[in-house]
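Descriptive analysis of the structure
In case you want the letters, here they are:
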Amino acid sequence: MRAFIQKYDVVIDLLLLSALWILAVIIVNPYGHFPLNDDWSYGQTVKRLVEEGSFRPTGWTTMPLLTHTLWGALFCLPDGFSFTALRFSTLWLALTGILGTYLLLKQVGDSRYLAVTGALVMAANPIYFALSHTFMTDVPFATFTVFATLFLIRRLQVESNFYLVLGTLFASGAILCRQLGLVVPIAFAFVFLLKHGFSRSTLMRAAAPLLAGWSALWGFEYWLKTSVGLPSLYNFKIERLLEKLLGNPGTLLLAVSGNLLKILIYLGLFLLPLVLLLFCMPGWFRFIRSRVLFIILAITASLVVCEAKQPMPLARNVLTSGGIGPVTLRDVYILELPHAPILPAAFWWAITVLGIVGGGMIVVYIFSVTAALFGSSDGLKSNNDRFLLTFLLSACLIYCLPIVISGFFDRYLLPLAPLLAAVLAISMRTLQSRPQPIWTTLALLLICLYASFSIAATHDYLAWNRTRWVALQTLMTNDHLPPAEIDGGFEFNGWYLYYADYVPDPSKSWWWVHNDRYLVTMGPVAGYELVRQYSFQRWLPPEPGYIFILRRESR
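To start, this report covers the structure provided alongside it.

Rules used throughout
- Within any chain, residue numbers begin from 1 and follow the written order of that chain's sequence.
- Whole-chain, interface and lining totals are the exception, using all residues; otherwise, since this is a predicted model, local features are given only for residues with pLDDT of at least 70 and side-chain atom pairs are given and counted only at 80 or more.
- Side-chain measures were taken over the full set of non-hydrogen atoms in the model, leaving aside hydrogen atoms and water.
- By definition, any uninterrupted DSSP run of H or I lasting at least four residues is a helix, any uninterrupted run of E lasting at least two residues is a strand, and each is numbered from the N terminus.
- Accessible area is worked out with a 1.4 Å probe on protein chains only. A residue is then buried under 20% of its type maximum, exposed over 50%, and partly exposed in between.
- By definition, a salt bridge exists where a carboxyl oxygen of Asp or Glu is found within 4 Å of a side-chain nitrogen of Lys or Arg.
- Any two strands with at least two DSSP-identified bridges between them are counted as paired.
- Note on contacts: a residue pair qualifies if any of its non-hydrogen atoms lie within 4.5 Å across the two residues.
- Axes here refer to lines fitted to C-alpha atoms; in helices the fit is confined to the stretch in contact. Angles between the N-to-C directions go from 0 to 180 degrees.
- Think of a patch as exposed residues, more than 30% relative accessible area, with no salt bridge, where like charges cluster within 9 Å and nonpolar side chains (Val, Leu, Ile, Met, Phe, Trp, Tyr) cluster within 5 Å.
- Note on areas: these come from Shrake-Rupley sampling with a 1.4 Å probe, and a residue is covered only by the protein chains present in the view.
- Classification of ring pairs uses Phe, Tyr and Trp, with its six-membered ring standing for Trp, and accepts pairs whose centres are within 6.5 Å; under 30 degrees between planes counts as stacked, over 60 as edge-to-face, and the remaining range as tilted.
- Any Lys NZ or Arg CZ that is within 6 Å of a ring centre and within 35 degrees of that ring's normal is treated as a charge sitting over the ring.

1. Re the side chain of T440
- With respect to the helices and strands, T440 occurs in helix α19 (residues 437-477).
- For T440, a relative accessible area of 15% translates into the label buried.

Written as structure tokens, this is what we have:
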């Protein structure tokens, strides 16, 4: 039996991870024909492709979206367009990304235990898990990035152009999903030339993924511009980045430092189970050449505490004070009425402390491994390890540059988690030791707590949105109200009423509201009377929740 397990350990691990993921998805229940967050816009693009045969993104689109749209359309072919089909397309890619994380960590760390732990950390990440139940681009982009990294790292390890081709294909897929996919080919080109030197043949191999991805992006943008035209917000993020760079240097410096600290807290929280294992392994201190690094840790923690004048969540979008969101209804999002439940402040301060601890450890580690890269530390005996670490850290750095300057949503950090996990995996392999059972148990306990929160909070997010759309369908079908008479929230009004030249009315929600005679809310709003009330069951906290249909009071 032991020989059988050793022979098929990878297959067994992949099947186990798949089974756990499927079980978690079944518990949440992903069914429902309704959009979430920005995916109403991406759903419109898929719907047009499936029903009209044309690729026409909405003006709300800021990215190429091509691979994302084609993948979603594939799942809509059997029974036609539906958000349930799109949700399952993302869930499939999410599972693929988890398995890809396992393969990446197994490849660089050569540890079955570490690979399984890293894959579970990815799966239990509340932002990753929640977005897997939407048609947002973040999870597919992270999956493409993981596989591009996996195959390009393999190309750095062995002389095989087969892996170069595979890495190029996945990198191009990431780029045609979101422009930031360029970071992996850029980092690869740099490290490949660093490893093999400059010559015509090495330059061609080094530049192949970057040239292919850039050419695909340029060709796609040219075709889109000359056919249906670029979406009105397509260059918004580039323009915002340039605006920040050309603005006040002092303001820019403050924004960059604040964004860096927030990123550290989030990544520290995401990767804390793995970071704990590294710091508690015998031999770790071979990486640390000076007690100055402990001073750096203390200073970093102090800065983070100063920055975190309030507990997490510190960045907007998926993680909210009530769990998973955003709650895109007028009463909660615009008027900021206390209708959505908020988790206790003690909970969020505890989460913040975990993030600070993990972020501080990551800072110490990065300083330590950088010293090892440029010094003669015994911690990195293999030149190949040096190149792999340089590749991974360069990709992380390049990825962070635009988002620390222009600002970010919490979901933008997903691709960094598997890349930094791979960095940790290399270090753990070089230490040639295993953590003590108590730390292993603590890491697994943290993963279980993360997973429990992710499942419960995602269930609640889907539950209230499912109920919202039941209420909206009742208004349109039974009461024969047109969408233009309703403020049903960001996704509803975006799906039915979006147009690029809309000018917001300050007295109404900014999301394309024509006439807000009817509101869908989580509680009462002044000037409106209750028409109907719908209930649903929350898990976090375990109590009933309500969706209200309100009508403007007659004057």
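2. Digging into the environment of K262
- With respect to the secondary-structure elements, K262 resides in helix α13 (residues 249-279).
- Sequence separation between K262 and G359 is 97 residues, and the spatial gap between their C-alpha atoms is 9.3 Å.

3. Overview of the pattern of salt bridges
- In the structure shown here, the tally under the stated rule is 13 salt bridges.
- Note that E52 and R56 form a salt bridge whose closest N and O atoms lie 2.7 Å from each other.
- By relative accessible area, R56 is classed as partly exposed at 29%.
- Between R155 and E159 there is a salt bridge whose closest N-O contact spans 3.3 Å.
- Judged by its relative accessible area of 2%, R155 is buried.
- By sharing partners, the salt bridges in this structure join D38, D138, R178 and R411 into a single network.

4. Description of the sheet that holds strand β6 (residues 544-552)
- Spatial ordering of the open sheet is given by β3-β4-β6-β5, a layout of four strands whose pairing is mixed. Each end of this open sheet is capped by a strand with a single partner; those strands are β3 (486-487) and β5 (528-537).
- Looking at chain direction, β3 and strand β4 (residues 518-521) are connected through two bridges and run parallel. The residue bridging I486 from the neighbouring strand is Y518, located in β4.
- Sheet strands in contact with α19 are β3, β4, β5 and β6, and its direction is about 135° off that of β5.

5. Quick notes on a nonpolar patch on the surface
- A contiguous nonpolar surface patch, about 460 Å² in accessible area, is contributed by I438, W439, L442, L445 and L449.
- As for its placement among the helices and strands, L445 is situated in helix α19.
- For L445, a relative accessible area of 48% translates into the label partly exposed.

6. A look at the packing of aromatic side chains
- This model, assessed by the stated rule, comprises 43 aromatic pairs.
- Seen from their ring centres, F151 and F170 are 5.7 Å apart, and the 25° between their planes marks the pair as stacked. Placement of F151 in helix α8 (residues 138-157) and of F170 in helix α9 (residues 161-175) is noted, with a sequence separation of 19 residues between them.
- Here the aromatic residues W40, W60, Y333, F490, Y498, W510, W511 and W512 are joined through ring pairs into a cluster of three or more.
- The ring centre of F34 lies 4.7 Å from the NZ or CZ of R87, which sits over that ring.
- Stacked on the ring of F141, the Lys or Arg R178 has its end atom at 5.2 Å from the ring centre.

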